[in-house]
Amino acid sequence: MTQDELKQAVAKAAVDYIAPKLDSDSIVGVGTGSTANFFIDHLAELKASFDGCVASSEASAERLRGHGIPVYELNAVDTIAVYVDGADESNAQLELIKGGGAALTREKIVAAVADEFVCIADDSKWVECLGAFPLPVEVIPMARSHVGRELLKLGGDPVYRQGVITDNGNVIIDVHGLRIDQACALESQINQITGVVSNGLFAARPADVMLLGTANGVKQLSA
């Protein structure tokens, strides 16, 4: 199977997984990226069975509206039944690296509110140790050089992502060369750097369930 076919399969599996959990009052959190886009397309088949969505990016919100699915601001809802999003890497603890699409901060906020976080990915994202994928860090623009120097002290190689502005008006630094054995500790340590908005480690709030697309079908994993 091609990577897109794996993403399609896992996106459909996610819709099948969440369908029994939804009712007419349910709000679904929706992430950002290519796998999340496939999920949105399949979610449209269920749009009559839930209230609407909260999106982690303007791009996802636009795609949802294109399918006729209501999109709410997070501040306008009380709860999110389930949040479905992809990942750039995942380990066996379902700790993730996210942010390849620069939506990490909003993704992290929606995940924090959701009752359940379902991660969907193809098996190329499954790793023994996080860090081969560069760790995205969202930074207030005036602090970019300062944050870069601090990230160097942590043993990483920080690279400014040229030409990218987040939906929050900030910039992204991608940290290369990390081997992340203690994801929770590093997530907290980076967040303490003045000027950092958030980083792409989802370890303090990992996924609850992973639906992993493989050549032998979709596997359901829990930490």
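In this text, all values refer to a predicted model and were calculated from it rather than measured experimentally.

Points about the sheet that holds strand β9 (residues 171-176)
Working definition: the strands of a sheet are paired by backbone hydrogen bonds and lie parallel or antiparallel to each other. Strand order in this open sheet of 4 strands is β8-β9-β7-β10, and the pairing throughout is antiparallel. The sheet is open, and its two edges are formed by β8 (157-160) and β10 (196-199), each paired on a single side. Neighbour-to-neighbour, the strand axes of this sheet turn through a mean angle of 30°, independent of strand direction. Here strand β7 (residues 135-139) runs beside β9; their pairing, made up of 5 bridges, is antiparallel. Paired with Val-139 across the two strands is Val-171, which belongs to β9. Across the sheet, helix α5 (residues 144-153) lies against β7, β8, β9 and β10, angled at about 15° from β9, the strand it touches most.

Side note on α5
Since there are 3.6 residues in each turn of an α-helix, residues three or four apart along the chain are aligned in direction. For α5, every residue scored as buried is listed here: Val-147, Gly-148 and Leu-151. What you see down the axis of α5 is that its buried residues fit within an arc of 105°, all on one side. Exposed side chains of α5 directed beyond 90 degrees from the buried face belong to Leu-152 and Lys-153. Immediately downstream of α5, the backbone of Gly-155 shows phi near 95°, a positive value.

A look at the packing of helix α2 (residues 34-43) against helix α3 (residues 58-66)
α3 packs onto α2 with a crossing angle of 25° between their chain directions and a minimal axis gap of 9 Å. Between α2 and α3, the interaxial angle falls into the category roughly parallel. In the crossing of α2 with α3, the sense of the turn from one axis to the other is right-handed. Residue-level contacts link Asn-37, Ile-40, Asp-41 and Leu-43 of α2 to Ser-60, Arg-63 and Leu-64 of α3. Counted by class, the contact of α2 with α3 contains 3 nonpolar, 2 polar and 2 charged residues.

Regarding the layout of surface pockets
The volume enclosed by the largest pocket comes to roughly 310 Å³. Taken together, 16 residues line the largest pocket, and the ones lying closest to its centre are Val-54, Ala-55, Glu-73, Leu-74 and Arg-106. At the level of elements, β2 (52-55), α3 and α4 (104-113) are the ones that each hand at least two residues to the lining of the largest pocket. Residue composition of the lining of the largest pocket, by class: 8 nonpolar, 4 polar and 4 charged. Of the volumes computed, that of the second largest pocket is approximately 180 Å³. Lining the second largest pocket we find 16 residues, and of these Thr-32, Gly-33, Ser-34, Ala-87 and Asp-88 sit closest to its centre. Examining the composition of the lining of the second largest pocket, we find that 3 residues originate from one element, α2, more than from any other. Taken together, the residues that form the lining of the second largest pocket break down as 2 nonpolar, 8 polar and 6 charged.

About the criteria used
- Residues numbered from 1 in each chain as written.
- Predicted model: local features only at pLDDT ≥ 70, side-chain atom pairs only at ≥ 80, totals over all residues.
- Heavy atoms only, no water.
- Pairing = 2+ DSSP bridges.
- Helix = DSSP H or I, 4+ residues; strand = E, 2+ residues; numbered from the N terminus.
- Axes fitted to C-alpha atoms, helices over the stretch in contact; angles between N-to-C directions.
- Contact = heavy atoms within 4.5 Å.
- Buried < 20%, exposed > 50% of the residue type's maximum accessible area, 1.4 Å probe, protein only.
- Arc of directions from axis to C-beta.
- Parallel < 35°, antiparallel > 145°, perpendicular 65-115°, else oblique.
- Left-handed = near helix turned anticlockwise from the far one by under 90°.
- Nonpolar A, V, L, I, M, F, W, Y, C, P; charged D, E, K, R; others polar.
- 1 Å grid on protein atoms, 1.4 Å probe; cavity = no way out; pocket = protein on both sides within 12 Å on 5 of 7 lines; lining within 4 Å.
- Points joined across faces, edges and corners; volume = space filled by probe spheres on them.

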